[in-house]
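# Topology and contacts: notes
Residues per chain are reported as follows:
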Amino acid sequence: AQSVSQHNHHVILSEAASLELGCNYSYGGTVNLFWYVQYPGQHLQLLLKYFSGDPLVKGIKGFEAEFIKSKFSFNLRKPSVQWSDTAEYFCAVNIRGNTPLVFGKGTRLSVIA
Amino acid sequence: NAGVTQTPKFQVLKTGQSMTLQCAQDMNHNSMYWYRQDPGMGLRLIYYSASEGTTDKGEVPNGYNVSRLNKREFSLRLESAAPSQTSVYFCASSSEGGYTFGSGTRLTVV
């Protein structure tokens, strides 16, 4: 069975700092990878996804992620965070397009002025 | 263009009561899912349905039943609610292109 590890439970950054959130998965085959964001009191929104091709994926709101197959990793990055990025971030994986997503436990990001 | 609609948005139950959470999608997706979200646990799969007429257990199915009534609707039933089922429940549907989540049901069992 697949599993997803997010190493940081809570990250606190100042505005304009750079962000990198770690995500590792365990599955030996081909996977699809996702990052979702959940703002306080809201439902999940897709930030970006990787199915195949260029391992550097650009998403919404200035986020990007890099798939490194040899490291089973899909880390999320943003060069300069804003207060409005305060949210919980979830990494997820599935093994083909129409199967259940397996989620990591999430990383809470707090951006302070 | 509603996407995935869940009802109710909030519910308080007493231990032992039963209820059904409703989910409907209007995107003609074959697959539908029920997840629960608990602090520090991420989202965990309760049940899913790959197509109309089929359902499968996920990671945490105990205490729940589901019905895939038709292609649009996928309901989650708690027969005898327990405090451990206090959670936020999300329904989702998917196609090859991706997933769409509902806005969630916050359930409290007292």
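Refer to the structure presented above.
This structure is a prediction, so every number in the text was calculated from the model and none was measured. Positions within a chain are numbered from 1, following the residues in the order the chain's sequence is written. Chain letters and ligand numbers both follow the written order, the letters beginning at A and the numbers at 1. With the structure being a predicted model, the display of local features is reserved for residues of pLDDT at least 70 and the display and counting of side-chain atom pairs for 80 or more, all residues being used for whole-chain, interface and lining totals. With hydrogens and water stripped out, all remaining heavy atoms of the structure feed into the side-chain values.

## A few points about the sheet that holds strand S3 (residues 19–25) of chain B
Residue and element names in this part refer to chain B. Pairing in this open sheet of four strands is antiparallel, and the strands run S1-S3-S8-S7 from one edge to the other. Edge strands, defined here as strands with exactly one partner in the open sheet, are strand S1 (4–7) and strand S7 (64–68). Pairwise comparison of adjacent strand axes, ignoring direction, gives a mean angle of 15° for this sheet. Between any two strands, pairing holds if DSSP finds at least two bridges. Helix and strand definitions here come from DSSP, where helices need a minimum of 4 consecutive H or I residues and strands a minimum of 2 consecutive E residues; each element is numbered from the N-terminal end. Pairing of S1 with S3 involves four bridges; the strand directions are antiparallel. For Gln 6, the partnering residue across the bridge sits in S3 and is Cys 23. Here the axes come from fitting lines to C-alpha atoms, over the contacting stretch only for helices, and the angles between their N-to-C directions go from 0 to 180 degrees.

## Some details on the layout of surface pockets
The computed volume of the largest pocket comes to approximately 570 Å³. Forming the boundary of the largest pocket are 29 residues, of which Gln38(A), Gly41(A), Gln37(B), Val88(B) and Arg106(B) lie nearest the centre. Counting only elements with at least two residues in the lining of the largest pocket, the list comes to strand S10 (87–94) and strand S12 (107–112) of chain A together with strand S4 (31–38), strand S9 (87–95) and strand S11 (105–109) of chain B. For each structure, a 1 Å grid was placed over the protein atoms alone; sets of points admitting a 1.4 Å probe that cannot get out are labelled cavities, open sets with protein on both sides within 12 Å along at least five of seven lines are labelled pockets, and lining residues have an atom within 4 Å of a point. Grid points are joined across faces, edges and corners, and a volume is the space filled by probe spheres set on the points. Estimates place the volume of the second largest pocket at around 440 Å³. Taken together, 20 residues form the lining of the second largest pocket, with Gln2(A), Leu101(A), Val102(A), Phe103(A) and Glu59(B) sitting closest to its centre. Residue assignment for the lining of the second largest pocket shows that the elements contributing at least two residues are strand S1 (3–5) and strand S11 (102–103) of chain A together with strand S5 (42–49) of chain B. No other element matches S5(B), which puts four residues into the lining of the second largest pocket. Each residue gets one of three labels, nonpolar for Ala, Val, Leu, Ile, Met, Phe, Trp, Tyr, Cys and Pro, charged for Asp, Glu, Lys and Arg, and polar for the others, Gly among them. Per-class residue counts for the lining of the second largest pocket are twelve nonpolar, four polar and four charged.

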